Amino acid sequence: MNTMDNLEKQLICPICLEMFTKPVVILPCQHNLCRKCANDVFQASNPYLPTRGGSLTSGGRFRCPSCRHEVVLDRHGVYGLQRNLLVENIIDMFKQESSSSKPAPERKEETPMCDVHEEEKINIYCVTHGVPTCSMCKVFGAHKDCEVAAITSVYQSKKAELSDGIAMMVGNNDRMQGIVSQLEEACRAIEENGRRQKTLVCERFDQLYSILEEKKTEMSQKVTVEQEEKLNYIRGLTRKYGDHLEESCKMVELGIQTMEEPEMALFLQNTKPLLKKLAEASNTAHLDKVERGYENMDHYTVDFKKEGLALRSLDFLQDDEDEDEEDEDGEASAEEGDGAPVVSAAAPASVKPAAPQPSPSSPSAASS
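Residues numbered from 1 in each chain as written. Predicted model: local features only at pLDDT ≥ 70, side-chain atom pairs only at ≥ 80, totals over all residues. Heavy atoms only, no water.

Caption draft 1: Quick look at the overall build of the protein chain. The helix and strand inventory of the protein chain stands at nine helices and 11 strands. For the protein chain, with 368 residues in total, the buried portion stands at 22%. A fraction of 55% describes how many contacts in the protein chain between residues 6 or more apart in sequence connect residues 24 or more apart. On the protein chain, roughly 26600 Å² of surface is accessible, and the fraction owed to carbon and sulfur atoms is 55%. (Helix = DSSP H or I, 4+ residues; strand = E, 2+ residues; numbered from the N terminus. Buried < 20%, exposed > 50% of the residue type's maximum accessible area, 1.4 Å probe, protein only. Contact = heavy atoms within 4.5 Å. Areas by Shrake-Rupley, 256 points an atom, 1.4 Å probe, with all protein chains shown as cover.)

Listed below in structure tokens is the structure:
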């Protein structure tokens, strides 16, 4: 009988804990279930899938209660699973063998005896206290005033309740596993979306940096152009004054030499042209005069207060409803003249206009 016992254990359904009942379906992982139990497990795992008359009307999935392998069903549901005719034939032969060997006496030997009445078998169930007991306890013992029921009926109901609980727990476990998988996938999606959005934000800021760099270069070039023009003019004027100074020094040397001439006739002969040259050398009317403040560059002044406020108010775009509200508020504020700067279209930097200056080539020089 050891072989028969081992065989019987192999023919027990992991859901109802009874011997497989026909039809027996074979799962893709090669484990077996009663079709009814497979349907119970599936409906417990997919409570929101549409059913008609207690049967599945669309595909779904559940996990094998033996190995947790995921079973994917087509539109036929559990009725699309293949029947295991070999197991069904083995069950038929096992039942025939069991009935011919009459295992009833052995089952009687396994029936537990009452602790109080040692010769009485436990054959009834006390519904009041929820414990199995014997007939003598009901008639004379502690359970004489209790409600009792046949142990076989209670056995079947409790077994069915336990089977349903196991099936429900298997379904709950599958749902929990599904939730865990969804949460893990959500974590991966959040990480990927975060990386992507940070990259986009950095690209947007790089574009803003590029605009600022271009504007800085453009404005710096304007300052550089006027700087060079003024420098070239001043350098040219410096050369003119230097040449005039050099000529004047020569005239002074010549005058000193003439003053040392002892011959009066020769002195007077040389003095007339020398005095004329001295008069010409002392005249600087032909040399330009630079106006006061010509070297200043203060007219290239910028004020970024508004732009600074706009940059500090940069933020992410809101939802459509929030954007509509912000647009309405922005229009109202604009009418009042104190609206907040719009981040997506900040006003360009304001530059104070340059004060009127003389042209570098003709700096309003006043002739002396």
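Having put the structure on the table, let's press on.
Caption draft 2: The arrangement of the nonpolar core in detail. Formed by 27 residues in total, the largest nonpolar core has its most connected members in Cys 13, Phe 20, Leu 27, Leu 33 and Phe 62. Broken down by secondary-structure element, the contributors of at least two residues to this core are strand S1 (24–26), strand S2 (32–34), helix H2 (35–45), strand S6 (70–73), helix H3 (85–101) and helix H6 (151–259). With four residues, H2 is the single largest residue contributor to this core. Not counting residues up to four positions away in its chain, the partners in contact with Phe 62 are Leu 27, Leu 33, Val 41, Phe 42, Ser 45, His 69, Glu 70, Val 71, Leu 73 and Asp 174. (Core = buried A, V, L, I, M, F, W, Y, C linked by side-chain atoms within 4.5 Å.)

Caption draft 3: Inspection of helix H8 (residues 305–312) at higher detail. Listed in full, the buried residues belonging to H8 are Glu 307, Gly 308 and Ala 310. Projection of H8 onto a plane perpendicular to its axis shows the buried side chains occupying an angular sector of 160°, all on one side. For H8, the exposed residues lying more than 90 degrees away from the buried face are Lys 305, Lys 306, Leu 309 and Arg 312. (Arc of directions from axis to C-beta.)

Caption draft 4: Structural context of unusual backbone geometry. Unlike most non-glycine residues, Gln 30 shows phi in positive territory, near 75°. Residue placement: Gln 30 occurs in the loop between S1 and S2. At Arg 68, a position not held by glycine, the phi torsion is positive, near 70°. Summarising the element assignment, Arg 68 is placed in the loop between strand S5 (60–63) and S6. Look at Arg 68 and you get partly exposed, because its relative accessible area is 32%.

Caption draft 5: Geometry of the packing of aromatic side chains. One pass over the full model with this rule turns up three aromatic pairs. Between Phe 205 and Tyr 209 the ring centres are 6.2 Å apart and the planes differ by 50°, which places this aromatic pair in the tilted class. Of this pair, Phe 205 and Tyr 209 are both found in helix H6, four residues apart, which corresponds to roughly one turn of the helix. Its relative accessible area of 47% is what places Tyr 209 among the partly exposed residues. Its end group placed over the ring of Tyr 294, Lys 230 keeps NZ or CZ at 4.8 Å from the ring centre. (Phe/Tyr/Trp six-rings, centres within 6.5 Å; stacked < 30°, edge-to-face > 60°. Lys NZ or Arg CZ within 6 Å of the ring centre and 35° of its normal.)

Caption draft 6: How the structure looks around the pairing of S5. Burial along S5 is one-sided: Gly 60 and Phe 62 are buried, while Arg 61 and Arg 63, pointing the other way, are not. Note: S5 against S6, four bridges, orientation antiparallel. Within S6, the position partnered with Arg 63 by the bridge is Glu 70. Hairpin connection from S5 to S6: six residues lie between these consecutive antiparallel strands, with Arg 68 at a positive phi of about 70°. (Pairing = 2+ DSSP bridges.)

Caption draft 7: Main features of the sheet that holds strand S8 (residues 131–133). If you walk across this open sheet you meet the three strands as S8-S7-S9, and the pairing is antiparallel. Every other strand in the sheet has two partners, leaving S8 and strand S9 (148–150) as the edge strands with one partner each. The mean inter-strand angle of the sheet, taken between neighbouring strand axes irrespective of direction, is 35°. The sheet contact formed by strand S7 (residues 124–126) and S9 spans three bridges and is antiparallel. Bridge pairing in S9 links Ile 124 to Ala 150. Of the strands in this sheet, S7, S8 and S9 are in contact with H6, which crosses S9 at around 80°. (Axes fitted to C-alpha atoms, helices over the stretch in contact; angles between N-to-C directions.)

Caption draft 8: A look at the side chain of Lys 230. Its location among the elements puts Lys 230 in helix H6. Of the polar contacts made by the side chain of Lys 230, one reaches the backbone oxygen of Tyr 294; its length is 2.7 Å. (Polar contact = N/O pair within 3.5 Å; in protein donor to acceptor, adjacent residues only side chain to side chain.)

Caption draft 9: The arrangement of the packing of H6 against helix H7 (residues 264–282) in detail. One can describe the packing of H6 onto H7 by two numbers: an axis separation of 10 Å at closest approach and a directional angle of 160°. Classified by the interaxial angle, the pair formed by H6 and H7 is roughly antiparallel. Considering only the axes of H6 and H7, their crossing is left-handed. Between H6, through His 244, Ser 248, Met 251, Leu 254, Gly 255, Thr 258 and Met 259, and H7, the contact on the second element is made entirely by Phe 267, Asn 270, Thr 271, Leu 274, Lys 277, Leu 278, Glu 280 and Ala 281. Of the residues contributing to the contact of H6 with H7, the split by class is seven nonpolar, six polar and two charged. (Parallel < 35°, antiparallel > 145°, perpendicular 65-115°, else oblique. Left-handed = near helix turned anticlockwise from the far one by under 90°. Nonpolar A, V, L, I, M, F, W, Y, C, P; charged D, E, K, R; others polar.)

Caption draft 10: Geometry of the packing of H2 against H6. It is the contact of H2 with H6, at a shortest axis distance of 8 Å, that shows an interaxial angle of 45°. What the angle tells us is that H2 and H6 run oblique. Of the two elements, H2 crosses H6, and the hand of that crossing is right-handed. Seen from H2, the contacting residues are Val 41, Ala 44 and Ser 45; seen from H6, they are Ala 167, Met 168, Val 170, Gly 171, Asp 174 and Arg 175.

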